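Close look at the chain arrangement
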Amino acid sequence: MLGGMQSHEMRVTDILDHAAREATTREIVTYWADGCLQRSNWGEVGSMARQLASKLTQIGWNKADRVGTLAMNHLHHLVTYYGAAGAGGVVHTVNPRLSAEHIIYIVNHAEDRVFFFDAMFRPIIDALKEHMPCVEHFVCFDSDCGGDYMSFAEFIADGDAEFDWVTGSERDPCGLCYTSGTTGNPKGVLYEHRSNVIHAMSLCMPDVFDINARSVMLPIVPIFHANGWGAPYGCAMAGCGMVLSASNDPKVLWKLIREEGVTHSAGVPTVWLGLFGEMDASGGDYGDLRYVVIGGSAAPRAMIERLTQAGIEVGHAWGMTETSPIGTIGARPANWDAMSYEERIDLIQKQGRIPYGVQLRVVDEDGVVQPRDGKSSGHLQIKGVWIVQRYFKAEEDSLTDDGWFDTGDIAVIHPDGVMQITDRDKDIIKSGGEWISSIDLENTVVGCPGVAEAAAIGVPHPKWDERPMLFVVCKADATLTADDITSYLTDKIAKWWMPDEIRFVPELPHTATGKILKRALREQLRVEREGA
Ligand code: AMP
């Protein structure tokens, strides 16, 4: 027997319809890369998204076809989130900081048919487009980027602003994001209408992003990252205002926060450090800012303290591209008022509590579930409606036999339900919120004549959270210097992948199966720097 309620598929386009109807004039402000400020609103986002969906249909859009983007945060990128979904398609956000090789792989693997890009990324498109035969139209988001490229405004000009969305199942895909940290090729996470709608509802909860109709959200996190942390959907659902900046210049962000009445913001720790530098230099208060989400990497204590002392609530969040991305967030527990200042900071420094919609557990090496005692650390596993089951085009699910996704993080869960990341099992380095593949780095170094073996690990860094450090074992008859390694790597890796320190060692620690024991190297370094 079915229940007696109306049948309605949950689609992200409903979220936009709601915002366009109920929060029509709520402002969406864009600071464009050329310094222009544009004021739009949810009503206009609704019409433009319909124009885009209509245009895509005119060029023969099939269900689940992909629109790629290489872009920062701005109105047109937001419109594309909805316009692609409204044509029955998928918005595929590509991270411009990836290597050329990865961008080419991702675009071809996704089979993007239309590709929108910012003028600032035109050199990437000019250089790579001949390697992307699947793309039928390259379109520039900005009004003028030169060359023969059509602009976004021209592209959607003959689209119908009253277009009826393409409808379908709530389990249809609507978003795609590749995660490229570990070994092998990047893997695509295909978000669904239903998972994004429920994730957005979660964002609006006071214990998650705490956004409502009175909020103004400035997502500093680029919306090409992990579903834009859900902000494009959550903000429309709450009917809140948005401030989008195509520039990450701390001067610009600080000005926008103060002049546009920003109440909420979200970003990785590194951008907050940049903002602190700007605040120190130019002074002034935080305007209306009252809630800041810090995630993507562990939030440093000093950062939490600085914001807390200024009366700003910090939501320290943990998540992954595979988790849409919210996994935990440091909401205030029931006994918050009774806690001392130090206890509160201790709590926020951990990765937070588990919102409705996801479940977490910690298991040991044999898969035995560990108690929530704050001591038993192990592999962090997650399940829920907005957690990946199978990577895009993969032939098998990426779950344990009993249906959990292993995050590659090592954690403990405390008796009060707070999760704390203690280490990382996966072999990657996260610097300024972006991944450096230690395996790729090691494989490249091993190509250097005279190198026998190499290991790259992430070491804590005050600004970038982690920076790569390289351990090198030389071949018996070889003598190498750090400069030899650096010059060898110079034209083979991105500049920001260059290890901050290169150390020559006689041998590296290995596991029984011959894998380099990175945890032992990290521990050795920790003892060296902090003492036992
Ligand atoms: P990504 O898929 O690029 O969003 O990266 C997800 C990974 O970033 C997680 O598996 C963690 O290793 C790391 N991460 C994210 N948030 C945090 C946090 N608050 N504290 C520590 N590590 C984090």
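You'll find the structure just up there.
The sections below set out a description of the structure shown in this document. Chains are numbered independently. Their residues run from 1 in the order of the written sequence. Thresholds applied to this predicted model are a pLDDT of at least 70 for local features of residues and 80 or more for the giving and counting of side-chain atom pairs; totals over whole chains, interfaces and linings are not thresholded and use all residues. Side-chain metrics in this entry use all non-hydrogen atoms of the structure; hydrogen atoms and water are not considered.

A closer look at the environment of Phe141
Structurally, Phe141 is set in the loop between strand 6 (137-140) and strand 7 (150-151). Taking the C-alpha atoms as reference, Phe141 lies 7.1 Å from Ala119; in sequence the two are 22 residues apart. Ignoring anything within four residues of it in the chain, the contact list for Phe141 reads Trp32, Thr69, Ala71, His74, His76, His77, Thr80, Phe116, Phe117, Asp118 and Phe152. Helix and strand labels come from DSSP, where a helix needs a run of H or I of at least four residues and a strand needs a run of E of at least two; each type is numbered from the N terminus. What makes two residues a contact is simply this: any of their non-hydrogen atoms within 4.5 Å.

Some points on the packing of helix 7 (residues 193-203) against helix 8 (residues 231-238)
Helix axes are fitted to C-alpha atoms over the stretch in contact, other axes to C-alpha atoms as well, and angles between N-to-C directions run from 0 to 180 degrees. Their axes nearest at 8 Å, the elements helix 7 and helix 8 cross at an angle of 65 degrees. As for how helix 7 packs across helix 8, the hand of that crossing is right-handed. Within the contact between the two elements, helix 7 uses Asn196, Val197, Ala200, Met201 and Leu203 and helix 8 uses Ala231, Tyr233, Gly234 and Met237. Residues were grouped as follows: Ala, Val, Leu, Ile, Met, Phe, Trp, Tyr, Cys and Pro as nonpolar; Asp, Glu, Lys and Arg as charged; and all remaining residues, including Gly, as polar. Among the residues forming the contact of helix 7 with helix 8, the class breakdown is 7 nonpolar, 2 polar and no charged. Helix crossings fall into two classes, left-handed where the near helix is turned counterclockwise from the far one by less than a right angle and right-handed where it is turned clockwise.

Brief notes about the nonpolar core
Within this scheme, the nonpolar core is defined by two criteria: the residues are buried Ala, Val, Leu, Ile, Met, Phe, Trp, Tyr or Cys, and they are joined through side-chain atoms within 4.5 Å. Here's how the labels work: a residue is buried when its accessible area is under 20% of the maximum for its type, exposed when over 50%, partly exposed in between, all with a 1.4 Å probe on protein chains only. Trp42, Tyr82, Phe116, Phe152 and Phe209 are the most contacted members of the largest nonpolar core, which has 62 residues in total. Counting 32 residues, the second-largest nonpolar core is a separate cluster that includes Ile257, Trp272, Tyr286 and Met339.

Considerations on the sheet that holds strand 22 (residues 451-461)
Pairing between strands requires that DSSP locate at least two bridges from one strand to the other. One open sheet holds the 3 strands; their spatial order is 22-23-24, and the pairing between them is mixed. Each edge of the open sheet is held by one strand with a lone partner, namely strand 22 and strand 24 (501-504). For this sheet, the mean inter-axis angle between neighbouring strands, taken without regard to orientation, is 25 degrees. In this structure, strand 22 lies alongside strand 23 (residues 465-474), joined through 10 bridges in antiparallel fashion.

Observations regarding the packing of helix 2 (residues 42-58) against helix 3 (residues 75-86)
One way to put it is that helix 2 packs onto helix 3 with a least axis distance of 8 Å and a crossing angle of 50 degrees. By the angle class used here, helix 2 and helix 3 are oblique. You can see that helix 2 and helix 3 cross each other, and the crossing is right-handed. The residues of helix 3 that touch helix 2, namely those facing Trp42, Val45, Met48, Ala49, Leu52, Ala53 and Leu56, are Leu75, His76, Leu78, Val79, Thr80, Tyr82, Gly83, Ala84 and Gly86. The residue inventory of the contact of helix 2 with helix 3, partitioned by class, reads 12 nonpolar, 4 polar and no charged. Our angle categories are set so that under 35 degrees counts as roughly parallel, over 145 as roughly antiparallel, 65 to 115 as roughly perpendicular, and the remainder as oblique.

What about the packing of aromatic side chains?
Two aromatic rings from Phe, Tyr or Trp, using only the six-membered ring of Trp, form a pair when their centres are within 6.5 Å; if the ring planes differ by under 30 degrees the pair is stacked, by over 60 it is edge-to-face, and anything between is tilted. Applying the stated rule across the entire model yields 10 aromatic pairs. Where Phe116 meets Phe155, the ring centres are 5.7 Å apart and the plane angle is 75 degrees; that geometry is what we call edge-to-face. Taken as a pair, Phe116 in strand 5 (residues 112-117) and Phe155 in helix 6 (residues 152-156) lie far apart in primary sequence, 39 residues in all. One exposure class covers both Phe116 and Phe155, and it is buried. Considering the side-chain rings of Trp254 and Tyr286, the 5.6 Å spacing of their centres and the 85 degrees angle between planes classify their relative orientation as edge-to-face. Here Trp254, found in helix 9 (residues 250-259), pairs with Tyr286, found in the loop between helix 10 (269-282) and strand 13 (291-295); they are 32 residues apart in sequence, far enough to count as distant.

Structural notes on empty space enclosed by the protein
Cavities and pockets were defined on a 1 Å grid built over protein atoms only: a cavity is a set of grid points that admits a 1.4 Å probe from which the probe cannot escape, a pocket is an open set flanked by protein on both sides within 12 Å along at least five of seven lines, and lining residues are those with an atom within 4 Å of any such point. Grid points are joined across faces, edges and corners, and a volume is the space filled by probe spheres set on the points. Per the counting criterion, the structure on display carries 1 cavity of 30 Å³ or more. Roughly 40 Å³ of internal volume is contained in the largest cavity. Surrounding the largest cavity, Tyr81, Val91, Thr93, Gly175, Leu176, Cys177, Tyr191 and Asn227 form its lining. Mapped onto the lining of the largest cavity, the elements with two or more residues apiece are strand 4 (90-93) and strand 8 (173-179). It is strand 8 that contributes the most residues to the lining of the largest cavity, 3 residues altogether. Residue composition of the lining of the largest cavity, by class: 5 nonpolar, 3 polar and no charged.

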